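Letter by letter, the chains look like this.
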Amino acid sequence: MHVSIAGTIDLAVDRAVESNCDTFQIFTRNPRGWKVSNLDHEEVEKFKSKLRQHNIGPVVSHMPYLPNLSSPKDDFYEKSVEALVGEVERCTLLKIQYIVIHLGSHLGLGRDAGLKRLVGALNPATAKIKGDLKILLENTAGQANSMGSKFEELREIIDKSRHPKRLGICLDSCHLYAAGYDLHTSKSVKATMERFEEIVGVEELKVIHLNDSKNGLGSGLDRHEHIGMGYIGEEGFRALLHHPTVRELPLILETPIDERRDDQENLKMTRELGK
Ligand code: ZN
Ligand code: MN
Ligand code: MN
């Protein structure tokens, strides 16, 4: 699941272990601001030693929400690229394996303009990578002007970038469904995964965000629901969790917390459906 880093960053490992996770996702800093404070050396060491001690991972970092890597506005774009490059540096220090990024919005200037910006943002960030850290492109729900809701587009972004081997894909099940890729029966899960294999290639897929969808197929809306309680439903998740490719991957819950369920209950449900 996605765990909090409140206090110091190493506490995220404790929270993940306490929650009985075998992999987890964090924001390495405040996700709702631009200001970043440097990582404390001792915190970094503690984080890494706790990971080793509990043998938990891979660890996934999610980029903060504000950056728009496809923005046509110069100032905003430059700030966004800087944030991504900074995140590569933080994850390198923390020995985190994956950074999941949102692909941003071209704000109405069109897909081609967005693609240029996006590739231009990825290049300086991937140039900074040493070792096996990867930046994972997260598929989007298909909101207006957003980049990367179609498999073809994800493939194109990887192909156009200068260091394609340092990129990969994170598929979010809610976003897939909202973008029109059906997942609510075993037949549709199979078809969607075959389509992905055909267009993008399964070797690019590194992480799955496991969320049900509050809205219908092709709604274009990014609204997460508890596992099995949305349109994908229990049958869909059972099929997804038994899919041979998906089964091998780190799965991260980004489900809501409300009076109906918390993270623990969604984890329990997921493990139940995956049996
Ligand atoms: Zn995301
Ligand atoms: Mn997601
Ligand atoms: Mn989402």
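Report follows, based on the coordinates. Quick caveat, the model's predicted, so the values are computed rather than measured. (Residues numbered from 1 in each chain as written. Chains lettered and ligands numbered in written order. Predicted model: local features only at pLDDT ≥ 70, side-chain atom pairs only at ≥ 80, totals over all residues. Heavy atoms only, no water.)

## Quick notes on the coordination of the manganese ion (ligand 3)
Test applied: Donor atoms (N, O, S) are those found within 2.8 Å of the metal centre, with the cutoff raised to 3.2 Å for Na, K and Ca; water is not part of the atom list, so apparent gaps in a site can occur. Only protein chains enter the area calculation, which uses a 1.4 Å probe; residues under 20% of their type maximum are buried, those over 50% are exposed, and those in between are partly exposed.
Summarising the metal site, the manganese ion (ligand 3) is bound by the protein donors His175 (NE2), Asp222 (OD), Asp222 (OD) and His224 (NE2), whose distances to it range over 2.1 to 2.6 Å. Read N to C, the donor residues that coordinate the manganese ion (ligand 3) are spaced as H-x46-D-x1-H. Metal-to-metal, the separation of the manganese ion (ligand 3) and the zinc ion (ligand 1) is 5.4 Å. Taking relative accessible area as the criterion, Asp222 reaches 27% and is therefore assigned partly exposed.

## With respect to the side chain of Arg29
Convention followed: Think of it this way: any DSSP run of H or I at least four residues long counts as a helix, any run of E at least two long counts as a strand, and we number them from the N terminus. When charges are counted, neither His nor the chain ends are considered; positive counts come from Lys and Arg and negative counts from Asp and Glu. A pairing counts as a salt bridge when a side-chain nitrogen of Lys or Arg comes within 4 Å of a carboxyl oxygen of Asp or Glu. Definition of a polar contact: a pair of N or O atoms within 3.5 Å, with one able to donate and the other able to accept a hydrogen when the atoms are protein atoms, and with sequence-neighbouring residues admitted only if both atoms are side-chain atoms. Note on definitions: a residue-residue contact is assigned when non-hydrogen atoms from the two residues lie within 4.5 Å.
Structurally, the position occupied by Arg29 is in the loop between strand 1 (24-26) and helix 2 (41-54). One buried charged residue, Arg29, forms no salt bridge at all, with the nearest opposite charge on Glu87 at 4.2 Å. Polar side-chain contacts of Arg29 include one of 3.3 Å to the backbone oxygen of Gly33. The contact partners of Arg29, leaving out residues within four places of it in the chain, are Ile5, Trp34, Lys35, Val36, Pro64, Ala83, Glu87 and Arg90.

## Some remarks on helix 7 (residues 186-199)
Keep this limit in mind: In a helix, the anticipated span is given by 1.5 Å times the number of residues less one. Arc definition: it is the arc formed by the directions from the helix axis to the C-beta atoms.
With 14 residues, helix 7 ought to run about 20 Å at 1.5 Å a step, and its terminal C-alpha atoms sit 20 Å apart, in line with that. Taken as a whole, helix 7 has its buried residues at Ser188, Val189, Thr192, Met193 and Phe196. Projected down its long axis, helix 7 carries its buried residues within an arc of 130°, all on one side. Projecting away from the buried face of helix 7 at angles above 90 degrees are the exposed residues Lys187, Lys190 and Glu198.

## Some details on the side chain of His106
Among the secondary structure elements, His106 is positioned in the loop between strand 3 (98-101) and helix 4 (111-127). Under the relative-accessibility criterion, His106 is labelled buried at 9%. Separated by 3.0 Å, the side chain of His106 and the backbone nitrogen of Gly110 make a polar contact.

## A short note on the nonpolar core
Keep this limit in mind: Take the buried residues of types Ala, Val, Leu, Ile, Met, Phe, Trp, Tyr and Cys, join any two whose side-chain atoms come within 4.5 Å, and each joined set is a nonpolar core.
Phe24, Phe47, Ile101, Ile135 and Leu137 are the most contacted members of the largest nonpolar core, which has 70 residues in total. If you tally residues by element for this core, the top one is helix 3 (residues 74-94), at 8 residues. The residues contacting Phe24, other than those within four sequence positions of it, are Met1, Val3, Ala12, Val13, Ala16, Phe47, Leu51, Ile56, Pro58, Val59, Val60 and Ile252.

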